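Geometric and topological summary
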Amino acid sequence: MQEPLLRFDDVSKVYRNGVQGLSHVSFSVEAGEFVAVIGPSGAGKSTLLRSINRLQDITSGRVLIRGEDISRESGRKLRAMRAGIGMIFQNYNLVYRLSVMQNVLHGRLGYMSSWRGMLGLYSEEDREKAAALLEEIQMGDFLNARAADLSGGQKQRVGIARAFMQEPELLLCDEPIASLDPSSAKIIMDMLSAMTKRRHMACLVNLHQIDAAKTYAGRIIGLRRGTVVFDGPPEALTDAAVETIYGVPASELAMKECVS
Ligand SMILES: Nc1ncnc2c1ncn2[C@@H]1O[C@H](COP(=O)(O)OP(=O)(O)OP(=O)(O)O)[C@@H](O)[C@H]1O
Ligand SMILES: [Mg+2]
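Here's what I pulled together on the structure shown here. (Residues numbered from 1 in each chain as written. Chains lettered and ligands numbered in written order. Predicted model: local features only at pLDDT ≥ 70, side-chain atom pairs only at ≥ 80, totals over all residues. Heavy atoms only, no water.)

1. Here we look at the pairing of strand E10 (residues 227–232)
Side-chain positions along a regular strand alternate between the two faces of the sheet. Here strand E9 (residues 219–224) pairs with E10 via 5 bridges, running antiparallel. Note that in E10 the partner of Arg-224 across the bridge is Thr-227. With antiparallel pairing between neighbouring strands as the criterion, E9 and E10 make up a hairpin whose turn holds 2 residues, including Arg-225 at a positive phi of roughly 50°. (Pairing = 2+ DSSP bridges. Helix = DSSP H or I, 4+ residues; strand = E, 2+ residues; numbered from the N terminus.)

2. What to know about helix H7 (residues 182–198)
If you check H7, its first and last C-alpha atoms are 24 Å apart, about what 17 residues at 1.5 Å a residue would give, namely 24 Å. When H7 is considered as a whole, its buried residues turn out to be Ser-184, Ala-185, Ile-188, Met-189, Met-191, Leu-192, Ser-193, Met-195 and Thr-196. His-200 sits one or two positions beyond H7 and adopts a positive phi of about 50°. (Expected span 1.5 Å × (residues − 1). Buried < 20%, exposed > 50% of the residue type's maximum accessible area, 1.4 Å probe, protein only.)

3. Structural notes on the site of ligand 1
Every residue close to ligand 1 is listed here: Tyr-15, Asn-17, Val-19, Pro-40, Ser-41, Gly-42, Ala-43, Gly-44, Lys-45, Ser-46, Thr-47 and Glu-175. Between ligand 1 and Ala-43 there is a distance of 3.2 Å, counted from an oxygen atom to a backbone nitrogen or oxygen. One of the side-chain N or O atoms of Thr-47 is found 2.5 Å from an oxygen atom in ligand 1. (Near = heavy atom within 4 Å. Polar contact = N/O pair within 3.5 Å; in protein donor to acceptor, adjacent residues only side chain to side chain.)

4. Points about the nonpolar core
Of all hydrophobic cores here, the largest spans 54 residues; its most connected members are Ile-160, Leu-171, Leu-192 and Leu-237. Apart from the residues lying within four places of it in its own chain, the contact partners of Leu-192 are Phe-34, Ile-88, Ile-160, Leu-171, Cys-173 and Pro-176. (Core = buried A, V, L, I, M, F, W, Y, C linked by side-chain atoms within 4.5 Å. Contact = heavy atoms within 4.5 Å.)

This is the structure in structure tokens:
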């Protein structure tokens, strides 16, 4: 039997201050799945994502990528495993003084020796690929623009192109639309959905908009206080399930979302 692309096996995370970020989390994700992770603030969504690419270490359990425990790897092996995992952030994490093209090329750094990366010695093939990706996200006219001069939606598109430069098997998105207006948010979610589908890539997206989770995800994982309390298709996310995840009735939550 083939190992799943990603498997959480009884993962717990206790922060140094004693806060339980994750508690006995187990689930698997297969190639091509688009999974939304939802839950109230502090539920552990970011902790979960950051445990996968080791932005954070877990306290116990295993995080397996194709059967290999990334939580115990280090050095060259960890670097190679990380290269296969892309990440997109709420605040874009671009280098603002650099051009759009240079930011996208940064997606290749995980595959280059550090001195080549430092000198910006990208291959012609990488440059062509970056240009093609910028066309795909409709930013072909912005190659030489400074990242600082872009709108929020455009910055996030550059973040997407940079992540796809890695040709990852797995894409992690931590609140990719939380800082965007509704129309930019739709463009970003449409792009993430179409681009991951086209490449049969697995995608894990933390979202606080339940509507977006239902619209785009094939599967929703609900976290509450570090524990998985829901895992199923969007159709199964009933009002009762929403209340289990958020601890307040779905109707109240909808009101809160409108106000915030
Ligand atoms: N570096 C840290 N040190 C101590 N506690 C932390 C740290 N990072 C997160 N926590 C705590 O761990 C819990 C889970 O936090 P996490 O950021 O994963 O939640 P989240 O679901 O992403 O929340 P949000 O929706 O606000 O982004 C929270 O109680 C949080 O305060
Ligand atoms: Mg978070």
